[in-house]
Amino acid sequence: MASHSPGTDQIDTLFWIGFFAAAILIVAIVGALLYVVRRYRGERGAEPRQLLGGRRLQFRVGAVLTVFAALLFILGIVFTDNAREKPSTGDAGLASLKSEPLKIEATGQQWLWRYDYPNGAFSYYKLVVPVDTAVELSLESTDVVHTWNVEELARKADAVPGKTNKVLFSTGDEGNYVGDSATLSGQAYAAMRTEVEVVSPEEYEEFVETQLEEIQTAQETVVGQIENGDTP
Ligand SMILES: [Cu+2]
């Protein structure tokens, strides 16, 4: 899956390093086996030669494997360290937030995500964020463990009841990114998807304002209906 933020770029690269390392090992081992089988094939019926020694070869293979493992270890540390780097808001991002990330609360409940924005607006299912901006999602849960998993934008993280887990990521490119459920959180967990819409800072501001107005109008309507004695 394509990555659309700096942090997931690192995770993506690390995945391919791991993939090619495994591929190289498989090819090398199968190749060596086939070579040995062909090279030391005995005549039908004849007792095959027994191979002894080869200590120097064993050392050489061991040394190569050690270097290979050490290299993977170092690359793993470098890339995970880079992926953990605190993202920052770029020039195209939300101008009012240069020094600190945009803080949004994400609450998981069976089986829906709710997002609370700094101005008091909230939305269900879809999270709208400005492009090129560092976002700090505070994950919370009202019932069981849910996993917030939008792999094109950020690492996977759990929303655990009674705990707040933070995910920091930078929104890269504008677009819509879908997140699937990654933890069995009850019967309807499979339908517990989410979507992140990355828009321009202006569109983001407009979204949270309209959202807040609509919520307030709806609340006023309900309060009015109750006061008039109508059942809402
Ligand atoms: Cu869930």
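Residues numbered from 1 in each chain as written. Predicted model: local features only at pLDDT ≥ 70, side-chain atom pairs only at ≥ 80, totals over all residues. Heavy atoms only, no water.

Enquirer: With reference to specific residues and values, describe the overall build of the protein.
Expert: Per the secondary structure count, the protein includes three helices and 10 strands. Sequence-ordered secondary structure for the protein, helices as α and strands as β, is α-α-β-β-β-β-β-β-β-β-β-β-α. Counting only C-alpha atoms and orienting by the principal axes, one finds that the protein spans roughly 100 × 45 × 30 Å. Put simply, the protein has 232 residues, and 29% of those count as buried. Residue pairs in contact within the protein that sit at least 24 positions apart in sequence constitute 66% of those at least 6 positions apart. (Helix = DSSP H or I, 4+ residues; strand = E, 2+ residues; numbered from the N terminus. Buried < 20%, exposed > 50% of the residue type's maximum accessible area, 1.4 Å probe, protein only. Contact = heavy atoms within 4.5 Å.)

Enquirer: I'd like to hear about helix 1 (residues 6-39), residue by residue, with values.
Expert: The terminal C-alpha atoms of helix 1, which comprises 34 residues, lie 49 Å apart, in line with the 50 Å expected from a rise of 1.5 Å per residue. Those residues of helix 1 that fall on the buried side of the exposure criterion are Thr8, Gln10 and Ala21. On its buried face, helix 1 is in contact with helix 2 (55-84). (Expected span 1.5 Å × (residues − 1).)

Enquirer: Lay out the sheet that holds strand 9 (residues 175-179) in plain terms, naming residues and giving numbers.
Expert: Read from one edge to the other, the open sheet built from three strands follows the order 4-10-9, with strand pairing classed as mixed. Two strands lie at the open edges of the sheet, namely strand 4 (126-130) and strand 9, each paired on one side alone. Taken over all neighbouring pairs, the strand axes of this sheet differ in orientation by 20° on average, direction set aside. Pairing of strand 9 with strand 10 (residues 194-199) involves five bridges; the strand directions are antiparallel. Within strand 10, the residue paired with tyrosine 177 across the bridge is valine 196. Seen against the sheet, helix 3 (residues 201-227) touches strand 4 and strand 10 and runs at an angle of roughly 135° to strand 4. (Pairing = 2+ DSSP bridges. Axes fitted to C-alpha atoms, helices over the stretch in contact; angles between N-to-C directions.)

Enquirer: So what's going on with the side chain of asparagine 149? Which residues, and what values?
Expert: Turning to its location among the elements, asparagine 149 is positioned in the loop between strand 6 (146-148) and strand 7 (157-159). A relative accessible area of 9% places asparagine 149 in the buried class. Within the local environment of asparagine 149, its side chain forms a polar contact with the backbone oxygen of aspartate 180, the two atoms lying 3.4 Å apart. With near-sequence residues (within four places) excluded, asparagine 149 lies in contact with Lys156, Gly179, Asp180 and Ala182. (Polar contact = N/O pair within 3.5 Å; in protein donor to acceptor, adjacent residues only side chain to side chain.)

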